[in-house]
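So the chains spell out like this:
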Amino acid sequence: MKMKKIVMTVALAAFTMAASAQSLNVSSAFQDMRKGYLNKAKAEIDAACLHENTKDDAKTWCYKALIYSQIGGDAQAKKPKYKNLAPDWAEQAYTAALECKRLDTKQEFAKEVNEVFSFVGNEYYKQASNAYSEKNYSEAMTLSEKSITCFNNSGKSQFAQDAMYIAGLSSVATHDTVNTKKYFNQMIRKRTDINYVYVTLFGISIAEKDNAQAMKVANNYVRNCPKDYKAYLLRATGYLVDKNVEKGKEDINAALDMTKDSANLYPEVLVQAGTLLDESAGDYEGAETKYNESLTLNPNQFAANFGLGKMLYNRAVDKTNAANAVDPFDEEKAGLYDKLNDEAKGYYGQAITYLEKAVAFIDGLTDEGAKASQRPNLVNALIALGNAYARVDRLNESNAAKARVEQLMQQ
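Only a predicted model underlies this, so the values are computations on that prediction, with no experimental measurement involved. (Residues numbered from 1 in each chain as written. Predicted model: local features only at pLDDT ≥ 70, side-chain atom pairs only at ≥ 80, totals over all residues. Heavy atoms only, no water.)

Visitor: How should I be thinking about the side chain of T192 in this particular structure?
Guide: Considering the arrangement of structural elements, one finds T192 in the loop between α8 (177-189) and α9 (195-207). In contact with T192, other than residues within four places in its own chain, are Q161, M187, V197, Y198, N224 and C225. (Helix = DSSP H or I, 4+ residues; strand = E, 2+ residues; numbered from the N terminus. Contact = heavy atoms within 4.5 Å.)

Next comes the structure, spelled out in structure tokens:
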């Protein structure tokens, strides 16, 4: 019996000593971290995180999160002392902070861990942004989600929006409508002011023929950004889709009122108003008034010239189609075919005037980069112009315009 008792006592003593050693490891790791001995601190805290006596202690995981964050900070310095000590420092700090939060029921280490979450969340955001730039969209979404989790756990959830945006953009790039809605709706709930978020969700809803949801998106935009004229133009689009022309025009006028004192912006908003009135309201007279007002303020521009030229061209096409639909054997409609074709030619002639100015504007650009970015617009204008020339029997000019289109398409 005595021998058995002695053996048990020795074993207990050894166990106690091991526990003390592991507790000492945790404290030593923290002290070594403070002294800048990160290699020693890492080895000590890694051992403590695996030991039975310390692996379930929130302090252990708090210290690991702090140590690995400091390793990350050192790695980002101009002259890192421990450059390759822990290439996965962000993942290690992230998982350690999550484990500390799970174990820290009394929130003794909340302040320290929240700082780790903020630091690592920012790192994950930078990595996600780089992955997106490299078109590695799957990786960008994974890293963004970790960044969002970090910021949501840090008590600074407002900083998660940048990561949500990267995740949403990655979803758009991969045609992942479900996740596009998920991330961009989260941003709307956080009152984002990014126009692209609202426009994208609005477009998805329209494509899904869910006009009610589209109006919810537009109303949220106006509610979240009441001084953003683009919010009112988006909601005007929603109203016009629902054939609520009166409300649509109210929002168009609101956008114009908000920008009327801006010499640069107001002509652009007039063009957008003209396009809405033309394409969504069928108010050609109102659209023409807006386009012409824009041209009065800024005659040398592409947008208003092309917008007005396109509207007149489309009206001409409608007349041509109506003429072709006339029954040539219907005596009651004798002469209607010629009348409609004459009206069409009148519109084609008017359209040519503005389309030529639109083309001339792009041709007159001296900045080659700006000219290159306008190439799609130039192609569209030339296609319409070539067709319009043909309809008024200006065949040489029509052929020249079509030849330019072919040349541009080959570049």
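Visitor: Before we go on, may I ask you to explain the pattern of salt bridges in this structure?
Guide: Pairs can form between side chains of opposite charge whenever their charged atoms are close. Here the structure, examined in full by the defined rule, presents 19 salt bridges. For the salt bridge of E208 with K181, the shortest nitrogen-to-oxygen distance reads 3.1 Å. Remark: K181 occurs in helix α8 and E208 occurs in the loop between α9 and α10 (211-224); sequence separation between them is 27 residues. With a relative accessible area of 42%, E208 lands in the partly exposed category. On the basis of relative accessible area, K181 is assigned to the partly exposed category, the value being 30%. Between R404 and D363 there is a salt bridge, with its nearest N and O atoms 3.1 Å apart. (Salt bridge = Lys/Arg side-chain N within 4 Å of Asp/Glu carboxyl O. Buried < 20%, exposed > 50% of the residue type's maximum accessible area, 1.4 Å probe, protein only.)

Visitor: Help me out: how do you make sense of the packing of helix α12 (residues 245-259) against helix α13 (residues 265-279) in this one?
Guide: Each pair of packed helices can be summarised by the angle the axes make with each other and by the distance between the axes. At a closest axis distance of 9 Å, the pairing of α12 and α13 adopts a crossing angle of 170°. Judged by the angle between their axes, α12 and α13 are roughly antiparallel. The residues of α13 that touch α12, namely those facing K249, I252, A255, L256 and T259, are L265, Y266, V269, L270, A273, L276 and L277. When grouped by side-chain class, the residues that make up the contact of α12 with α13 number 10 nonpolar, one polar and one charged. (Axes fitted to C-alpha atoms, helices over the stretch in contact; angles between N-to-C directions. Parallel < 35°, antiparallel > 145°, perpendicular 65-115°, else oblique. Nonpolar A, V, L, I, M, F, W, Y, C, P; charged D, E, K, R; others polar.)

Visitor: Just to check I follow, could you spell out the packing of helix α6 (residues 137-154) against helix α7 (residues 161-173) for this structure?
Guide: In contact at an axis separation of 8 Å, α6 and α7 are set at 155° when each is read in the N-to-C sense. On the basis of their axis angle, the class for α6 and α7 is roughly antiparallel. In the crossing of α6 with α7, the sense of the turn from one axis to the other is left-handed. Facing α6, whose interface residues are Y137, A140, M141, S144, S147 and I148, α7 presents A163, M164, I166, A167, S170, S171 and A173. (Left-handed = near helix turned anticlockwise from the far one by under 90°.)

Visitor: Whenever I open this one, the environment of V245 confuses me. Can you help?
Guide: Assignment of secondary structure puts V245 in helix α12. With a relative accessible area of 30%, V245 lands in the partly exposed category. Taking C-alpha positions, V245 is 12 Å from D278, a pair spaced 33 residues apart along the chain.

Visitor: Whenever I open this one, the nonpolar core confuses me. Can you help?
Guide: What tends to happen in soluble globular proteins is that the nonpolar side chains get buried as a cluster. If you look at the biggest cluster of nonpolar residues, it comprises 74 residues, and the most contacted ones within it are Y198, L201, I252, L256, F302, L308 and L382. If one sorts the elements of this core by residue count, helix α16 (residues 336-363) sits on top with 11 residues. Judged by nonpolar contacts, the second largest core, of 39 residues, contains V26, A93, V113 and A140. (Core = buried A, V, L, I, M, F, W, Y, C linked by side-chain atoms within 4.5 Å.)

Visitor: What exactly am I supposed to notice about the side chain of Q301 here?
Guide: Locating Q301 in the fold gives a position in the loop between α14 (284-297) and α15 (303-324). Among the residues examined, Q301 registers a relative accessible area of 8% and is labelled buried. Reaching out from Q301, the side chain makes a polar contact with the side chain of S294 at a distance of 2.9 Å. A polar side-chain atom of Q301 sits 3.1 Å from the main-chain amide nitrogen of A304. (Polar contact = N/O pair within 3.5 Å; in protein donor to acceptor, adjacent residues only side chain to side chain.)

Visitor: Even after reading the chapter, I still don't get the confidence of the model for the chain, so can you show me in this structure?
Guide: For any part of a model where pLDDT is low, the fine detail of the predicted coordinates should not be relied upon. Averaged over the chain, the pLDDT score is 92; the fraction of residues at 70 or greater is 94%. Contacts from residues 1-21, a stretch scored under 50 in pLDDT, to residues over four places away or in other chains number two contacts. (pLDDT = per-residue confidence, 0-100.)

Visitor: Got a minute to help me understand unusual backbone geometry in this structure?
Guide: A negative phi holds for most residues other than glycine; trans holds for most peptide bonds. Positioned with a positive phi, K135 is a non-glycine residue whose angle comes to about 65°. Within the secondary structure layout, K135 lies in the loop between α5 (110-133) and α6. Of note, the phi angle at K209 is positive, near 60°, even though the residue is not glycine. For K209, a relative accessible area of 73% corresponds to the exposed category.

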